[in-house]
Amino acid sequence: MSGPDPVGRLGRVWFDPAPLWELRCAAPFCSDPVLVVADDERPLRNPDRTVLADEARVAGWQQAAPGRWLCRSCHQGHDR
Ligand SMILES: [Zn+2]
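Parameters and conventions
The written sequence of each chain sets the order in which its residues are numbered from 1. Two thresholds apply to this predicted model, a pLDDT of at least 70 for residue-level local features and 80 or more for giving and counting side-chain atom pairs, whereas whole-chain, interface and lining totals are computed over all residues. Excluded from the side-chain calculation are hydrogens and water; included are all heavy atoms of the structure. Metal sites are built from N, O and S donor atoms within 2.8 Å, or 3.2 Å for Na, K and Ca, and they leave out water, so they may look incomplete. In these descriptions, tetrahedral denotes four donors with every angle between 85 and 135 degrees, square planar four donors and octahedral six donors with opposite donors over 155 degrees apart and the rest between 65 and 115, and irregular any other case. Centre distance within 6.5 Å is the pairing criterion for rings of Phe, Tyr and Trp, where only the six-membered ring of Trp is used; planes under 30 degrees apart are then read as stacked, over 60 as edge-to-face, and the remainder as tilted. Over a ring means this: the NZ of a Lys or the CZ of an Arg is within 6 Å of the ring centre and within 35 degrees of the ring normal. Numbering of helices and strands starts at the N terminus; helices are DSSP runs of H or I of at least 4 residues and strands are runs of E of at least 2. Contact definition: two residues touch when any of their heavy atoms are within 4.5 Å. The way it works is a 1 Å grid over only the protein atoms, where trapped points that fit a 1.4 Å probe form a cavity and open points with protein on both sides within 12 Å along at least five of seven lines form a pocket, and then any residue with an atom within 4 Å of a point lines it. Grid points are joined across faces, edges and corners, and a volume is the space filled by probe spheres set on the points. Residue polarity follows a fixed list, in which Ala, Val, Leu, Ile, Met, Phe, Trp, Tyr, Cys and Pro are nonpolar, Asp, Glu, Lys and Arg are charged, and the others, Gly among them, are polar.

Draft legend 1. Inspection of the coordination of the zinc ion at higher detail. Around the zinc ion, the donor atoms from the protein are C25 (SG), C30 (SG), C71 (SG) and C74 (SG), and they sit 2.2 to 2.3 Å away. In this structure, the zinc ion is surrounded by four donor atoms whose angles at the metal cover 106 to 118°, and the resulting shape is tetrahedral.

Draft legend 2. Up close: the packing of aromatic side chains. Tallied over the full model, the rule gives zero aromatic pairs. Stacked on the ring of W21, the Lys or Arg R49 has its end atom at 4.3 Å from the ring centre.

Draft legend 3. Structural detail: the environment of Q63. Mapping Q63 onto the fold places it in strand β3 (residues 62-65). It is 9.5 Å that separates the C-alpha atoms of Q63 and A26, two residues lying 37 residues apart in sequence. The residues contacting Q63, other than those within four sequence positions of it, are R57, R68 and W69.

Draft legend 4. Representation of the layout of surface pockets within the structure. For the largest pocket, the calculated volume is near 380 Å³. Looking at the largest pocket, it is lined by 16 residues, and the ones nearest its centre are V34, L35, V36, A59 and W61. Going through the elements one at a time, α1 (49-58) and α2 (72-75) are the ones with two or more residues in the lining of the largest pocket. Looking at the lining of the largest pocket, its residues break down into ten nonpolar, one polar and five charged. By volume, the second largest pocket amounts to about 170 Å³. Forming the boundary of the second largest pocket are W21, E22, L23, R24, R49, L52, A53, G67, R68 and W69. Elements represented by at least two residues in the lining of the second largest pocket include exactly β1 (21-22), α1 and β4 (68-70). Take the lining of the second largest pocket: its biggest share by element is three residues, from α1. Looking at side-chain class alone, the lining of the second largest pocket contains five nonpolar, one polar and four charged residues.

The values are spatial; any link to function lies outside them.
What follows is the structure, given as structure tokens:
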């Protein structure tokens, strides 16, 4: 590949025409801060935030404030 930015200097930079949302736990020291696909380790990503909100509720996450979510272990009080 040729061009003004040699491969490896800036990494891969591009504009994603279809950005996806992912949901992260708002607790600062959360050990597992990203909502993942059920029975999987991959982050759940979707272009529609309401889909993430629905999945988060199913997974036991709780909305602490508008735009701020806590994962199941954080809103239950670090009791694991
Ligand atoms: Zn958390």
